[in-house]
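Observations on chain architecture
One letter stands for each residue in the lines below.
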Amino acid sequence: MNDELKNLFRLTKKHIKQACKVSGRAFQDDPVTKYMFPDEIERREKVLYGFVAIYKYGIRNGEVYATSENLEGAAVWIPPKKVHQSMWSMLRNGGFHAMRKTGFKAMKKGMPIYKYIGPAHKRLAPFDHWYLQSIAVDPEEQGKGYGSSLLRAMITKIDNERLPIYLETNTKKNMVYYQKFGFEVVEHVIIPKTEIPLWCMLRKSQKV
Ligand SMILES: CC(C)(COP(=O)(O)OP(=O)(O)OC[C@H]1O[C@@H](n2cnc3c(N)ncnc32)[C@H](O)[C@@H]1OP(=O)(O)O)[C@@H](O)C(=O)NCCC(=O)NCCS
């Protein structure tokens, strides 16, 4: 394990609730959550439930780190062979719970997004790679370098494995942020049947 990773805090099942709260707060202004929950009050209450399945899957199959026990921020990394989660696995591991909590209307609205990003991921990265499924820093803690430490530590590890990293983002600001870490845009579209922009990005290993 590299020194940067040693400075992070690895999450387990017992941290899921706290991590979902951080992600729920961090994603309030995100285009996807605004689209799914246009009402601000409803958004504040429900966005966190969408992260249960992501953290559960990540903890079970990948590596999930926070900046410290205080969970200023956390990131979910999925290794090669595990990057594509089936719909059934997603539903069983928190998806049904999310559906019950957020309501059918929001889930239905999110379907075009889900239907686009999975196949795009398979098409754009048809090789072994890590997937940065989610990264979130609590709004009050943003701009202090927490996101960068979460990224740098795993980028170093994955570089040593000589593997690329794939991610999706829905804001230009984030796209530019990721470019600073060596990610390149491999596709930029408006997700069909929505108004949501999507940047799919890939970071090639610098050690190949
Ligand atoms: C995107 C996100 C994870 C970045 O995390 P962060 O902790 O805010 O990022 P950092 O602090 O590492 O860097 C952000 C900026 O602060 C600057 N910064 C870094 N360290 C700093 C420090 N010690 N003090 C002040 N600013 C600092 C960085 O240079 C960067 O500058 P830039 O805006 O010019 O790019 C975070 O903003 C977030 O959670 N956003 C909402 C959820 C989201 O969009 N997630 C990603 C979905 S793809």
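I will try to describe carefully the structure that is included in this document.

Reading the values: the criteria
Residues numbered from 1 in each chain as written. Predicted model: local features only at pLDDT ≥ 70, side-chain atom pairs only at ≥ 80, totals over all residues. Helix = DSSP H or I, 4+ residues; strand = E, 2+ residues; numbered from the N terminus. Rg over C-alpha atoms; globule rule 2.2 N^0.38 Å. Buried ≥ 20, exposed ≤ 12 C-beta atoms within 10 Å, placed from the backbone. Contact = placed C-beta atoms within 7 Å. Expected span 1.5 Å × (residues − 1). Bend = angle between axes of the 7 residues up to and from the residue. Near = placed C-beta within 6 Å. Nonpolar A, V, L, I, M, F, W, Y, C, P; charged D, E, K, R; others polar. Core = buried A, V, L, I, M, F, W, Y, C linked by C-beta atoms within 7 Å. Pairing = 2+ DSSP bridges. Axes fitted to C-alpha atoms, helices over the stretch in contact; angles between N-to-C directions. Parallel < 35°, antiparallel > 145°, perpendicular 65-115°, else oblique. Left-handed = near helix turned anticlockwise from the far one by under 90°.

The subject of this paragraph is the overall build of the protein chain. Per the secondary structure count, the protein chain includes nine helices and seven strands. Relative to the compact-globule value of 17 Å for 208 residues, the protein chain shows a C-alpha radius of gyration of 16 Å, a close match. The C-alpha extent of the protein chain, read off along each of the three principal axes, is 45 × 35 × 30 Å. Across the 208 residues that make up the protein chain, the buried fraction comes to 38%. Of the contacts made within the protein chain by residues no fewer than 6 positions apart, 75% connect residues no fewer than 24 positions apart.

Spanning 21 residues, helix α7 (residues 104-124) covers 30 Å between terminal C-alpha atoms, matching the ideal 30 Å at 1.5 Å per step. At G110, α7 shows its strongest bend, of approximately 40 degrees, with the proline P112 following within four residues.

Quick look at the environment of A75 now. Here A75 is to be found in strand β3 (residues 73-78). Accessibility expressed as a C-beta count within 10 Å gives 26 for A75, which makes it buried. Each C-alpha atom, one on A75 and one on K101, is 23 Å from the other, the two residues being 26 residues apart in sequence. With sequence-adjacent residues up to four places away left out, A75 is seen in contact with Y65, L132, S134, I135, L150 and M154.

So, about the site of the ligand. In the neighbourhood of the ligand, 17 residues make up the surrounding shell, with Q142, G145, G147, S148 and T169 lying closest. Sorting the residues of the shell around the ligand by element identifies β4 (130-137), α8 (146-160) and α9 (172-179) as the ones contributing at least two each. Among the residues forming the shell around the ligand, the class breakdown is seven nonpolar, eight polar and two charged.

Formed by 57 residues in total, the largest nonpolar core has its most connected members in A19, Y55, Y65, A74, A75 and L150. With seven residues, α8 is the largest single contributor of residues to this core.

Across the sheet, seven strands lie side by side as β1-β2-β3-β4-β5-β7-β6; this open sheet has mixed pairing. Both outer strands of the open sheet, β1 (9-10) and β6 (184-190), are each paired with one neighbouring strand and no more. Bridge count for β1 against strand β2 (residues 63-66) is two bridges, and the pairing is antiparallel. If you follow R10 over to β2, its bridge partner there is Y65. Along the sheet, α7 makes contact with β5 (165-169), β6 and β7 (197-203), crossing β6 at roughly 145 degrees.

Before going further, it helps to spend a moment on unusual backbone geometry. A positive phi angle, near 50 degrees, is found at L71, a position not held by glycine. Structurally, the position occupied by L71 is in the loop between β2 and β3. Residue classification places L71 among the buried positions, given that 21 C-beta atoms sit within 10 Å. A positive phi is found at K81, a non-glycine position, where the angle reads about 80 degrees. Its location among the elements puts K81 in the loop between β3 and α6 (87-102).

Before going further, it helps to spend a moment on the packing of helix α2 (residues 16-26) against helix α5 (residues 52-61). Across the interface, α2 lies against α5 with an axial gap of 9 Å and an inter-helix angle of 130 degrees. With respect to their mutual orientation, α2 and α5 come out oblique. Seen from above, α2 lies across α5 with right-handed handedness. Facing I16, A19 and C20 of α2, the residues of α5 in contact are V52, Y55 and K56. Of the residues contributing to the contact of α2 with α5, the split by class is five nonpolar, no polar and one charged.

With six of six residues buried, β3 is to be regarded as a mostly interior element. Burial along β3 is two-sided: the residues G73, A75 and W77 and A74, V76 and I78 are all buried. Examined bridge by bridge, β2 and β3 share four bridges and lie antiparallel to one another. Residue pairing in the sheet places V64 in a bridge with V76 of β3. Counted along the chain from β2 to the antiparallel partner β3, the turn is six residues long, and its residue L71 has a positive phi close to 50 degrees.

As far as function goes, none of this settles anything; it's purely spatial.
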